[in-house]
Amino acid sequence: MDGSTSSLTPDLTKQLVAAGGSYFLAFSPMTEFGSLIYWDLDYFEALDPEVHCKTRYAKKYLLGASDLIDARSRYRLTCKKLLEDRAKTHLGDTPYIIIDASLFQNHLLDIGVAFPCLEMICGNPDLMLAGIRGAARAHGSDFWMSYIPECYLGKSNDQLRAKRFFNSYMASYLSGAGIILRESGSFLDRGRQYEKAEVGSIFAGYDDFDTYYNKDYENYQNVSRAFHKFAQKDERPDSGPRTSLAIVKGELDGYAGMWDRRVWGQIHGDQWEHSDIEREWNLFWEFYNRREWSDAYHEGDEDFSGHPPCGQIDIIPAEAPVENWSRYKTLVFLGWNTVTDDLYEKMKQYVTNGGKLILSLSHMRNNIKRDEEMSLFRDGDFRDLFGLCVSGPSEATVQGVRFIENLSWCSGLPVWTTYKKDLYATDPVCIDGPIQLAKCHSITSNVIACATKKFSPDPERPVIVENKLGDGSAVLICTWSTPGQMSLGSMMRTFLQAVSAGQNEDVKFSGGDRFRYALYGKGDDRKIYILNTDYDNAQQCKVTIEDESIELIVGPCTMQVLSFDGSGLSQDCSLSFSDIVTS
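Let me begin by describing the structure that accompanies this report.

Cut-offs applied
Residues numbered from 1 in each chain as written. Predicted model: local features only at pLDDT ≥ 70, side-chain atom pairs only at ≥ 80, totals over all residues. Heavy atoms only, no water. Helix = DSSP H or I, 4+ residues; strand = E, 2+ residues; numbered from the N terminus. Expected span 1.5 Å × (residues − 1). Buried < 20%, exposed > 50% of the residue type's maximum accessible area, 1.4 Å probe, protein only. Pairing = 2+ DSSP bridges. Axes fitted to C-alpha atoms, helices over the stretch in contact; angles between N-to-C directions. Disulfide = S-S within 2.5 Å. Contact = heavy atoms within 4.5 Å.

1. Details of helix H7 (residues 159–175)
- Its 17 residues place the ends of H7 24 Å apart at the C-alpha level, agreeing with the 24 Å of an ideal helix rising 1.5 Å per residue.
- With respect to burial, H7 is a largely interior element, 14 of its 17 residues being buried.
- Downstream of H7 by one or two residues, Gly176 has phi in the positive range, about 110 degrees.

Right under this line is the structure:
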């Protein structure tokens, strides 16, 4: 259903559900369901609210928020009203599959959606796949779906478009999708429709059904058939991919992950525009970017950069129960976060139970308005979690950062000298511009990194601290500047990539960052799915489990599956685009 009209009625829907029996899962009330969260002003002006119900309800319920709590409530209310509209006019009381392209799957599940489904390619798949899997798991399930949109694969019917289609299947499968849907069963030549569209008719490609079959589209049918055979042959574990590290999407974070540069879909008012807080989400890519050969802050005997631990990351909501948090060894906060009493206690419980928690001072605010000066939770008294107090900001100055110790649970930071007072004076590192530190006192935590003064480290001005609590540790980045600020770029890159590499306990993967991989299973029954997403070039990689290593050359647009049975690694099934397509 396209969100405006449909021939379905509640009575007809009931008959279809009865006819489907055990084969019926749910209805999709409309595609791009949550798109109003990342629409820009043009959409609201171009789409007639009398025809398009999303525009109608967005203008009535979504816009005009007074603060972040109100913005979140308005978004959820708007989505609930859309579902009620679909139920009343078309679908009745049936379970819903919601096809959405943003990082807001969690909110859709909160209002009663049965099954989340990601519309691929519209946003970056790595980010969105992490988001939908984390949202599903936060609601107690490993089941979610992927939907491959025909029009977003590209306008030209060329080989790159077909390879993008293949990679969409493989990336969805590798990431744990339970069902993978295609936007069109026949792949008619919609690209030609766009060429025929009249100026001003922005959706003419959808409305004009005078289409014809193009023989070139046989490649797409062949990919679908080949994938079906591959999935039938492969025995992928049901538990989903292993993820030891997750990103926490903070309380009241309104970042949609794509398109418009405003939060919570609030298109009016400067306070809703993206800031350095939202630019923190760019740090997500530090887990996927291969480090440059010239990066002198990169330490170790092998290069495991460019791949998160176990190959996959989840993005989970801060609202998830602590039991869900505890499935991850390490949690890293990104984006906006407003701390409440409940959230603070959950942080302490997670760490006490053995978790490693990483966040910055900007995640410890209690503000609910974006145009206010940062106000710290509990007036900055974090002695019971981070082992220090914060009294306010210091003056912003251009200064370097010196790592003087490694974290207690991972190495790899550029600790170039052992800290002994007055015994060394070397160039500081990570100088990218003015940094505004916090004024810290009552420090009982361990200083990992600090500002420099006259070429020497100054631990009285901490930049990163680690506090051991129970069986875990809490790590705080003590800058008044948010980590999304450019002046903290090289420090955050160095720190997060060392954290990522230090979590490679279950599997070690070394290879270019065009690879995507996932680890399934435990013990002597593990499988590793390796996808080379490069369109044209084979790539070499090395996989190590329990001192057993295998080196592979994986062809372009190829999925290779490895198995580990305790005695060693062996190659399992594979699927390559080049073996499917016709010339």
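Next comes the rest of the description.
2. As for unusual backbone geometry
- One non-glycine residue, Cys310, lies in the positive phi region at around 65 degrees.
- Judged by its relative accessible area of 2%, Cys310 is buried.
- Phi is positive for Asp547, which is not a glycine, with a value near 70 degrees.
- Along the chain, Asp547 turns up in the loop between strand E20 (539–545) and strand E21 (548–554).

3. Points about the sheet that holds E21
- The strand order across the open sheet formed by 3 strands is E17-E20-E21, and the pairing between neighbours is antiparallel. In the strand order of this sheet, the two ends are held by strand E17 (508–511) and E21, each with one partner. Across the sheet, the axes of successive neighbouring strands diverge by a mean angle of 15 degrees, strand direction being ignored.
- For E20 and E21, the ladder comprises 7 bridges, and the chain directions are antiparallel. Looking across to E21, one finds that Gln540 is bridged to Ile553.

4. Remarks on the state of the cysteines
- Tallying each qualifying case throughout the model produces 0 disulfides.
- The closest cysteine sulfur to the non-disulfide-bonded Cys389 is located on Cys440, 9.3 Å from its own sulfur.
- By relative accessible area, Cys389 is classed as buried at 7%.

5. A closer look at the environment of Ile179
- In this fold, Ile179 is placed in strand E4 (residues 179–182).
- Here the alpha-carbon distance between Ile179 and Cys117, two residues 62 residues apart in the chain, equals 8.8 Å.

6. Re the side chain of Thr330
- Considering the arrangement of structural elements, one finds Thr330 in strand E7 (residues 330–334).
- Once residues within four sequence positions are removed from consideration, Thr330 is found in contact with Ser244, Leu245, Ala246, Tyr350, Lys356, Ile358, Trp409, Val499 and Gln503.

7. Section: the sheet that holds strand E23 (residues 569–576)
- Read from one edge of the open sheet, 4 strands run E18-E19-E22-E23, paired in antiparallel fashion. The strands lining the two open edges of the sheet, one partner per strand, are strand E18 (515–522) and E23. Here the strands of the sheet are splayed against their neighbours by 15 degrees on average, with no regard to which way each runs.
- Helix H10 (residues 218–233) rests against strand E22 (558–564) and E23 of the sheet, and its axis sits at about 155 degrees to E23.

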